[in-house]
Amino acid sequence: MKITDACVYPRPSGDSSVRRMALEAHELRFDSLIAVDTPACDYAGVHVASGVVIGEIPAQDIAVRMKRHRETGTFVSVQAGDNGHNRAVLGMKGIHILCGIHRTDRYAFDHVTAKMAADNGVAIDVSLAPVIRERGVVRQRALDRYFDLMLLCRRFEFPLVISTHARSVLEMRSVREFSALASVIGLDIPDVERALSNAGRLPSPSSAVKVVQ
Amino acid sequence: MTSRPPTLREKRRYVLVRIEPAGTVPDQKELYFAVHEAVSSLWGDAAAALVHMAVVSADNEYVIVRCRRGTERELAIALTSVTVCAGQRISLRTVATSGTIESLRERIAVMRAPETAVVLPDECTIDGRRYTVSHCSGQKVDVIEKGFKNTTRFFLTREDLEDI
């Protein structure tokens with residue numbers, strides 16, 4: 001079981017190098033990271049997988065952008081939007097994670113999209129960033145969205161992944177802190193363990209066929 | 001005022017916390033305000049009153065925070081949501097929880113291993129900007145941009161410095 005932080009942003013998006021993030025992840029007891037816009041590597045015993053986050057753009061444009069990442073071994077995450085956008089995204093092949101659910105409205109992710117995510121094996125990202133960094137009504141809204149998401153997750157059993165969306169080593173959290181923070185949104189320890197290991201179980205990003213002689 | 005007999009005193013727990021980035025020396029009062037704000041914004045005023053937190057000591061990179069027994073979990077979760085103290089970006093990592101301050105102080109003494117001297121350049125240049133090496137521990141190297149304002153701290157490794 002590989003324990004993975006499903007989204008971090010090393011330099012140049014953040015202020016920490018990918019090696020430093022891997023070093024920190026090792027101390028925080030992670031086995032792997034998905035680092036956005038960074039080539040895959042191994043450092044300090046931590047596997048850094050390459051990831052890309054596609055913003056909330058029309059579904060046709062997402063398909064065009066996905067072609068660039070096909071057969072590169074990259075985890076593709078797409079920002080969630082309104083309900084129609086989410087249905088279109090969840091129906092596409094090659095998408096691994098749907099992220100940013102906490103920023104959407106209440107009807108953006110419903111029972112239909114939940115079932116589509118479960119059928120297509122697309123993981124839904126639970127970002128701990130709003131729980132850690134936001135205050136007041138923004139955090140309350142995010143928590144409310146996550147409570148609703150947990151309800152759907154228990155019913156339809158789509159895969160969940162947990163991430164910090166850290167842009168700095170200061171924003172990374174340990175596995176123990178992950179489970180403590182996740183308990184705020186109603187995830188118990190077995191759920192957290194499953195969510196942390198789900199990134200390793202996602203359909204592996206397809207990479208080019210290699211000729212072995 | 002006479003103190004209560006031991007059986008009538010409320011039981012407390014002490015949480016040992018490490019402050020990051022290394023080399024940060026926070027003001028005890030500012031840290032109290034930051035932690036108190038985190039507790040009350042996450043759990044509400046009623047729960048914050050139950051937690052009854054206080055910053056007992058802030059000694060270099062280690063801080064001891066007190067709470068009422070049974071509320072350690074709430075305090076630990078709130079501590080993870082502290083991101084700023086006195087305008088400076090920090091991160092609080094919970095190390096241990098104990099019933100006495102003394103045992104945590106012993107633990108701090110054990111954890112403060114003498115650092116080996118590392119020869120590193122005082123300055124480096126990244127993307128055409130000059131940076132000063134502010135802290136180095138093991139493989140970790142923190143650099144701060146030279147200048148009067150908008151100085152940025154970068155978190156790198158020794159290998160990153162060699163590659164630059």
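This is a predicted model, so every value here is computed, not measured.

Student: Looking at this model, I keep getting lost on the overall build of chain A. Mind explaining?
Tutor: Helix and strand content of chain A: 8 helices and 8 strands. For 213 residues, the compact-globule formula gives about 17 Å, and the C-alpha radius of gyration of chain A, at 16 Å, lands near that figure. Based on the C-alpha atoms only, the size of chain A along its principal axes is roughly 50 × 35 × 30 Å. Every one of the 213 residues in chain A was classed for burial, and the buried ones make up 47%. Excluding contacts between residues fewer than 6 apart, the proportion of contacts in chain A whose partners are at least 24 apart in sequence is 65%.

Student: Explanation requested: unusual backbone geometry in the structure shown.
Tutor: Glycine aside, residues mostly have negative phi, and peptide bonds are mostly found in the trans state. Residue A:Pro12 is bonded to the preceding A:Arg11 through a cis peptide linkage, with omega at 10 degrees. One can find A:Pro12 in the loop between β1 (4–8) and α1 (18–27). Cis geometry marks the peptide bond from B:Glu20 to B:Pro21; its omega dihedral reads 5 degrees. Relative to the assigned elements, B:Pro21 resides in the loop between β1 (12–20) and α1 (28–51). Although it is not a glycine, A:Ala44 adopts a positive phi angle of roughly 55 degrees. Locating A:Ala44 in the fold gives a position in the loop between β3 (41–43) and β4 (46–54). For A:Ala44, a count of 16 C-beta atoms within 10 Å puts it in the partly exposed group. For B:His52, which is not glycine, the phi torsion reads 55 degrees and is therefore positive. Secondary-structure assignment places B:His52 in the loop between α1 and β2 (54–59).

Student: What exactly am I supposed to notice about the packing of helix α7 (residues 175–184) of chain A against helix α2 (residues 72–80) of chain B here?
Tutor: When two helices pack together, their arrangement is given by the angle between the helix axes and by the axis-to-axis distance. It is the contact of α7(A) with α2(B), at a shortest axis distance of 10 Å, that shows an interaxial angle of 105 degrees. Of the possible angle classes, the one that applies to α7(A) and α2(B) is roughly perpendicular. Contacts from A:Glu177, A:Ala180, A:Leu181 and A:Val184 of α7(A) reach α2(B) at B:Arg73, B:Ala76, B:Ile77 and B:Thr80. Grouping the constituent residues of the contact of α7(A) with α2(B) by class yields 5 nonpolar, 1 polar and 2 charged.

Student: How should I be thinking about the domain arrangement of chain B in this particular structure?
Tutor: You'll often see interface size given as the accessible area lost when the parts meet. What the domain assignment reports for chain B is domain 1 (10–111) and domain 2 (123–163). Computed over C-alpha atoms only, the centres of domain 1 of chain B and domain 2 of chain B are separated by 29 Å.

Student: Just checking my understanding: could you explain α7(A) for this structure?
Tutor: Because an α-helix packs 3.6 residues into every turn, residues spaced three or four apart end up facing the same way. Among the residues of α7(A), A:Glu177, A:Phe178, A:Ala180, A:Leu181 and A:Ala182 are the ones counted as buried. On its buried face, α7(A) sits against α5 (129–133), β8 (160–163) and α8 (189–201) of chain A together with α2 of chain B. Immediately beyond the C-terminal end of α7(A), within one or two residues, lies A:Gly186, with a positive phi of roughly 95 degrees.

Student: Just to check I follow, could you spell out the sheet that holds β2(B) for this structure?
Tutor: Pairing between the strands of a sheet comes from backbone hydrogen bonds, and it takes one of two forms, parallel or antiparallel. All names here are of chain B. Strand order across the open sheet formed by 4 strands is β2-β3-β1-β6, with antiparallel pairing between neighbours. Pairing within the sheet leaves two strands with one partner each, and these edge strands are β2 and β6 (91–98). Going from strand to strand, the sheet's axes swing by 25 degrees on average, the running direction of each strand aside. In this sheet, β6 lies alongside β1 in antiparallel orientation, the contact comprising 7 bridges. Along β6, the bridge assignment pairs Leu16 with Ala96. Across the face of the sheet, α2 comes into contact with β1, β3 (62–68) and β6 while running at roughly 15 degrees to β1.

Student: For this particular structure, what's the right way to read the nonpolar core?
Tutor: One broad rule of soluble globular proteins: the nonpolar side chains tend to lie buried together. Core analysis: the largest hydrophobic core is formed by 101 residues, its most contacted members being A:Leu33, A:Leu98, A:Ile162, B:Val35, B:Val65 and B:Leu75. The biggest single contributor to this core is α1(B), with 8 residues. Both domain 1 (10–111) and domain 2 (123–163) of chain B contribute no fewer than three residues apiece to this core. Other than its neighbours up to four places away in sequence, A:Leu33 contacts A:Thr4, A:Asp5, A:Val8, A:Met21, A:Ala22, A:Ala25, A:Val46 and A:Val48.

Student: What should I look at first to understand the interface of chain A and chain B in this one?
Tutor: At the junction of the two partners, chain A supplies 19 residues and chain B supplies 23 residues. Mapped by element, the contributors of at least two residues to the side of chain A that touches chain B are α1, α5 and α7 of chain A. It is α7(A) that provides the largest number of residues to the side of chain A that touches chain B, a total of 4 residues. For the side of chain A that touches chain B, the class distribution of residues is 8 nonpolar, 4 polar and 7 charged.

Student: I'm lost on the sheet that holds strand β7 (residues 123–126) of chain B in this one. Help?
Tutor: All names here are of chain B. Strand order across the open sheet formed by 4 strands is β7-β8-β9-β10, with antiparallel pairing between neighbours. One side of each edge strand has no neighbouring strand; the edge strands of this open sheet are β7 and β10 (153–157). Put simply, the sheet's adjacent strands are angled 40 degrees from each other on average, direction ignored. Relative to strand β8 (residues 129–137), β7 runs antiparallel, the two being bridged by 4 bridges. Counted as the bridge partner of Thr125 is Arg130 from β8.

Student: Explain the confidence of the model for chain B here, please?
Tutor: Where the model shows low pLDDT, its predicted coordinates should not be examined in detail. Summing up the model confidence of chain B, the mean pLDDT is 88 and the portion of residues at 70 or higher is 94%. In the predicted complex, the global pTM is 0.89; the interface-specific ipTM is 0.89.

Criteria and cut-off values
- Residues numbered from 1 in each chain as written.
- Chains lettered and ligands numbered in written order.
- Predicted model: local features only at pLDDT ≥ 70, side-chain atom pairs only at ≥ 80, totals over all residues.
- Helix = DSSP H or I, 4+ residues; strand = E, 2+ residues; numbered from the N terminus.
- Rg over C-alpha atoms; globule rule 2.2 N^0.38 Å.
- Buried ≥ 20, exposed ≤ 12 C-beta atoms within 10 Å, placed from the backbone.
- Contact = placed C-beta atoms within 7 Å.
- Axes fitted to C-alpha atoms, helices over the stretch in contact; angles between N-to-C directions.
- Parallel < 35°, antiparallel > 145°, perpendicular 65-115°, else oblique.
- Nonpolar A, V, L, I, M, F, W, Y, C, P; charged D, E, K, R; others polar.
- Domains from an automatic or database assignment.
- Pairing = 2+ DSSP bridges.
- Core = buried A, V, L, I, M, F, W, Y, C linked by C-beta atoms within 7 Å.
- pLDDT = per-residue confidence, 0-100.

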